[in-house]
Amino acid sequence: MATTKRARPHFRVGEFANGQAWIIMENFDGDNLALFEKTVGFDLRPGTSYEEAQRIASFLKENLVTVNAS
């Protein structure tokens, strides 16, 4: 049986060259998951402002406790 590893994520906002905001997920602490060996990000709907992206990142920080991998 595989052991499940857990890491606490950190979310921050980035911007593409065209100004489109996106959310970047990084490992804050916990297990070193292979998932975090590369940049993990989430594209937001076109037109999402930087401020709205900040609110989304804050929501994720407050509500997602861990990322799990087996």
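Everything numeric in this text was worked out from a predicted model, so none of it was measured. (Residues numbered from 1 in each chain as written. Predicted model: local features only at pLDDT ≥ 70, side-chain atom pairs only at ≥ 80, totals over all residues. Heavy atoms only, no water.)

**Student:** What is the right way to read the overall build of the protein chain from this model?
**Tutor:** A tally of regular secondary structure across the protein chain gives one helix and four strands. The secondary structure elements of the protein chain, listed N-terminal to C-terminal, are β-β-β-α-β. In the protein chain, 53% of the contacts between residues at least 6 apart in sequence involve partners at least 24 apart. Accessible surface for the protein chain amounts to roughly 5,000 Å². Of this, 51% is attributable to carbon and sulfur atoms. (Helix = DSSP H or I, 4+ residues; strand = E, 2+ residues; numbered from the N terminus. Contact = heavy atoms within 4.5 Å. Areas by Shrake-Rupley, 256 points an atom, 1.4 Å probe, with all protein chains shown as cover.)

**Student:** Looking at this structure, I do not really get the packing of aromatic side chains. What am I missing?
**Tutor:** Centre-to-centre distance and the angle between the planes together describe a pair of aromatic rings. On inspection of all chains with the given rule, the structure shows one aromatic pair. A ring pair is formed by Phe16 and Trp22, whose centres lie 5.0 Å apart and whose planes are at 15°; its orientation type is stacked. For Phe16, a relative accessible area of 37% translates into the label partly exposed. (Phe/Tyr/Trp six-rings, centres within 6.5 Å; stacked < 30°, edge-to-face > 60°. Buried < 20%, exposed > 50% of the residue type's maximum accessible area, 1.4 Å probe, protein only.)

**Student:** Can you walk me through the environment of Leu60 in this structure?
**Tutor:** Turning to its location among the elements, Leu60 is positioned in helix 1 (residues 50–63). You can call Leu60 buried: its relative accessible area is 18%. Separated by ten residues in the primary sequence, Leu60 and Tyr50 place their C-alpha atoms 15 Å from one another. If we ignore the near neighbours within four places in the chain, the residues touching Leu60 are Phe11 and Ile23.

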